Amino acid sequence: METQYVPMTGAYDGFVRFTTWDYIETVVIFVAIIAIAVRASLTQHTTNDNYFLAGKRAPWWMVGCSLFSYGTGVEYIAGMASVGVTHGVSGAILMWGSAPPLLLLGFVMLKLYRRSDIVTLPTFLFQTFGTHVRWIYSGFTLALAMVKIAVALHYGGLLLEVTLDISSDAIKPALLCASALYAVFGGLLAIQRTEIAQTAVLLAITTVLAAEVVTAIGGPSQFTPNLPEGHTRLFRSSRNDLYPWPGVVFGLPVEALVYWCCNQVVTQKALSAKSDLDAKAGCIFCGFLNFLPPFLFTFVGMAIRVLNTPVALDDPSTAYFIAIKQYAPQHTHGIMISILLCSLMTSVASVLFACTAIINLEVVEPTELFSYGRYTQKKKLWASRVSACAVGGCGLALSYSIPLFSSDPWVIVLASSTWSAGILAAFVASAGYGSVLDIRPLPVAVMLAASFVVGLVKVILAEVSSQRSLPAGIDWFATANDLVMTAVLFVLYLAAVVIGSKILVECLPMAVLSGDSGSEGSQPNTSSPCDPATNMSHRLCEVSETTPFGSLDPSFAPIDDEDTISALNETYPSRRAQLLTYGVNFFAIALVVCFAIAINVWW
């Protein structure tokens, strides 16, 4: 097909020229977002539930929009479009494959998290494996947050550089500062409320752009005859460099489970639901929304490939921004660029807010920092906020080095998926603690630390191998597909934890395993295994000593506890609650059916 050039509306010299309407749209968008955030920040307090979990009052539609918004930040929008250019519809599996993990989150994992009464995931692992795993996983999460922030800032700078000719290096600090102010003063409630309006506007305006771009090529029927072979198939050859079918079948589920079920940002948003039913409905709502991005973003990249746009073919990461610049309708550039910047800020703010929760509850509180003088809680919270901003600063510094690693930042996102193997192995091992597998904390801690090192070495070697030759064994590890390697590493990590635990149980005395140093004069540990004062306390102990109606204390005190009342309502639900439960289960089944249809159609 010959190269087609469509006149650029509202652009000159290759860049967008804002009209009066564009300036008005930009001002209205940002004023509305700021107003929503300020109003939300004035209606919450700084206690853990109110601040970190938005008071646990979020309805299902707010939870669903919030989860969807986090998964459609500007880095994911541009990334899915770049995959559309280079690999076609294969990238759609990232969003369509989120349906099973979201159902697992809503129906299984959130019940465990709520029963454990947690705010952060390191606390969940601490209740099982103790302090060392807690600290290692906290560091793991902060490191991944840096990568997430770096990639988001890089794409945000690229958006403004491609469309408005604004230097990306100069604008990145401003984007980070705006996101940090959003996270520090707004809190989760402000983030979630803005994400509702943001989701509606984003879906509407990106639908318009997708329709314009696909119309420019003559409709969806032009994809198959004008794209390389395999670009319209969901599952590619095993030799495909990015999405081979073994990686999609075995490795992608590992990454999806970690992203949706073992992710601090996602879990924190889901835990803010006002009830288990709202949490389930929110996850299902997000699952349905996730069917839209491939049509809105990946198809745009495929259309850009059909149009043979030279700049986008040379640098696929700019494909979506080129589409905005060349094919957006008149007077819509302002709202498109503004809403993408808002999605960037809420995405980065969500990550910074999750970092604040982890630093406050996993570092400051356990170590009793700032536990002196007056206003202790405020000092701890502000110290956590400043530390989270420091994490953002590290992400900013890392964003400047992204062009040195890869021409397409989306490759870095996929490369970081190898870290998912160790995280999922730790959570799966937590299910085997105290069971017939007898998983011990020490192998889990070693495995988590090793998985971080292995993932980091994999990313570095992959970059080195692209510039110089490496020995055969090392080169195989460096160039191996990230999704396939994720599946292999998950199996190896889990096997190492099980075998390591067996060795410890057989070779070391029980005193060492239970934390007793064995030194002279030490007394045997006679405390109850469920004693909260011991380091080996486990959440199952709490379940065994309590009932859905409270403790086993025979006294008949009046029922005035909210958790007890909630448990009674779950045991004896009303007719309305039963109908709502049936409705949620129906839509859960419908989500599974839609997932199966999507896989079958694009097989």
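Residues numbered from 1 in each chain as written. Predicted model: local features only at pLDDT ≥ 70, side-chain atom pairs only at ≥ 80, totals over all residues. Heavy atoms only, no water.

Caption draft 1: Broad picture of the overall build of the protein. Looking only at helices and strands, one finds 28 helices and four strands in the protein. Counting only residues that meet the buried cut, the protein has 53% of its 603 residues in that class. Look at the contacts in the protein between residues 6 or more apart in sequence, and 82% of them connect residues 24 or more apart. On the protein, roughly 26,400 Å² of surface is accessible, and the fraction owed to carbon and sulfur atoms is 66%. (Helix = DSSP H or I, 4+ residues; strand = E, 2+ residues; numbered from the N terminus. Buried < 20%, exposed > 50% of the residue type's maximum accessible area, 1.4 Å probe, protein only. Contact = heavy atoms within 4.5 Å. Areas by Shrake-Rupley, 256 points an atom, 1.4 Å probe, with all protein chains shown as cover.)

Caption draft 2: Here's a closer look at the packing of aromatic side chains. The full count for this structure, using the stated rule, is 15 aromatic pairs. Where Tyr76 meets Tyr259, the ring centres are 6.1 Å apart and the plane angle is 75°; that geometry is what we call edge-to-face. Taken together, the residues span a long stretch of sequence, with Tyr76 in helix α4 (residues 74–87) and Tyr259 in helix α11 (residues 245–261) at a distance of 183 residues. Considered together, Tyr76 and Tyr259 belong to a single accessibility category, that of buried residues. Here the aromatic rings of Tyr113 and Phe124 are separated by 5.0 Å at their centres, their planes lie at 90°, and the arrangement is edge-to-face. (Phe/Tyr/Trp six-rings, centres within 6.5 Å; stacked < 30°, edge-to-face > 60°.)

Caption draft 3: Examining the pattern of salt bridges more closely. This structure, assessed with the given rule, holds five salt bridges. For Asp276, the salt bridge is made with Arg114, and the minimal N-O distance between the two is 3.0 Å. Here Asp276, found in helix α13 (residues 276–289), pairs with Arg114, found in helix α6 (residues 99–116); they are 162 residues apart in sequence, far enough to count as distant. Classification of Asp276 by relative accessible area gives partly exposed; the value is 23%. We classify Arg114 as partly exposed; its relative accessible area is 25%. When the shortest N-O distance is used, the salt bridge between Lys269 and Glu195 registers 3.1 Å. You can see Lys269 sitting in helix α12 (residues 264–271) and its partner Glu195 sitting in helix α9 (residues 168–216), a full 74 residues away along the chain. The exposure class of Lys269 is buried, given its relative accessible area of 1%. For Glu195, a relative accessible area of 0% puts it in the buried group. (Salt bridge = Lys/Arg side-chain N within 4 Å of Asp/Glu carboxyl O.)

Caption draft 4: Summary view of unusual backbone geometry. Despite not being glycine, Lys56 has its phi angle at roughly 50°, a positive value. Among the structural elements, Lys56 can be located in the loop between α2 (48–52) and α3 (60–70). Notably, His331 is not glycine yet its phi reads approximately 70°, a positive angle. Examined against the element boundaries, His331 turns out to sit in the loop between α16 (319–327) and α17 (333–367).

Caption draft 5: Examining the packing of helix α22 (residues 441–465) against helix α24 (residues 482–507) more closely. Relative to each other, α22 and α24 sit at 155°, their axes nearing to 9 Å. If you check the angle between α22 and α24, you find them roughly antiparallel. With respect to the hand of their crossing, α22 and α24 are arranged in right-handed fashion. In this structure, α22 uses Leu442, Pro443, Val444, Met447, Ala450, Ser451, Val454 and Lys458 to contact α24, whose residues at the interface are Asp482, Met485, Leu489, Tyr493, Val497, Gly500, Ser501 and Leu504. Looking at side-chain class alone, the contact of α22 with α24 contains 11 nonpolar, three polar and two charged residues. (Axes fitted to C-alpha atoms, helices over the stretch in contact; angles between N-to-C directions. Parallel < 35°, antiparallel > 145°, perpendicular 65-115°, else oblique. Left-handed = near helix turned anticlockwise from the far one by under 90°. Nonpolar A, V, L, I, M, F, W, Y, C, P; charged D, E, K, R; others polar.)

Caption draft 6: Inspection of α6 at higher detail. An ideal rise of 1.5 Å per residue puts 26 Å on 18 residues; α6 measures up with 25 Å between its terminal C-alpha atoms. Of all the bends in α6, the greatest, near 45°, is centred on Leu105. In the segment just after α6, Asp117 is the residue with positive phi, at about 55°. (Expected span 1.5 Å × (residues − 1). Bend = angle between axes of the 7 residues up to and from the residue.)

Caption draft 7: A look at the confidence of the model for the protein. Looking at the protein as a whole, its pLDDT mean stands at 78, while 80% of the residues score no less than 70. A low-confidence stretch, residues 1–13 stays under pLDDT 50, and its non-local contacts, those more than four residues away or across chains, total 30 contacts. (pLDDT = per-residue confidence, 0-100.)

Caption draft 8: Examining the environment of Ala211 more closely. Looking at the element boundaries, Ala211 is found in helix α9. When the C-alpha atoms of Ala211 and Val300 are compared, they prove to be 8.8 Å apart, with 89 residues separating the residues in sequence.

Caption draft 9: Molecular detail of the side chain of Glu25. Among the secondary structure elements, Glu25 is positioned in helix α1 (residues 20–41). Judged by relative accessible area, which is 17%, Glu25 ranks as buried.

Caption draft 10: Seen up close, the nonpolar core. Of all hydrophobic cores here, the largest spans 177 residues; its most connected members are Leu105, Tyr113, Phe223, Tyr320, Leu340 and Phe427. Broken down by element, the residue count for this core peaks at 20 residues, all from α17. Tyr320 has contacts with Ile77, Ala78, Ala81, Thr206, Leu209, Leu296, Phe297, Val300 and Leu340, leaving out every residue within four places of it along the chain. (Core = buried A, V, L, I, M, F, W, Y, C linked by side-chain atoms within 4.5 Å.)

Caption draft 11: The arrangement of the side chain of Lys172 in detail. On the secondary structure map, Lys172 appears in helix α9. In this structure the side chain of Lys172 is engaged in a polar contact, spanning 3.3 Å, whose partner is the backbone oxygen of Ser399. Apart from the residues within four sequence positions on either side, Lys172 is in contact with Leu153, His154, Leu396, Ser399 and Tyr400. (Polar contact = N/O pair within 3.5 Å; in protein donor to acceptor, adjacent residues only side chain to side chain.)

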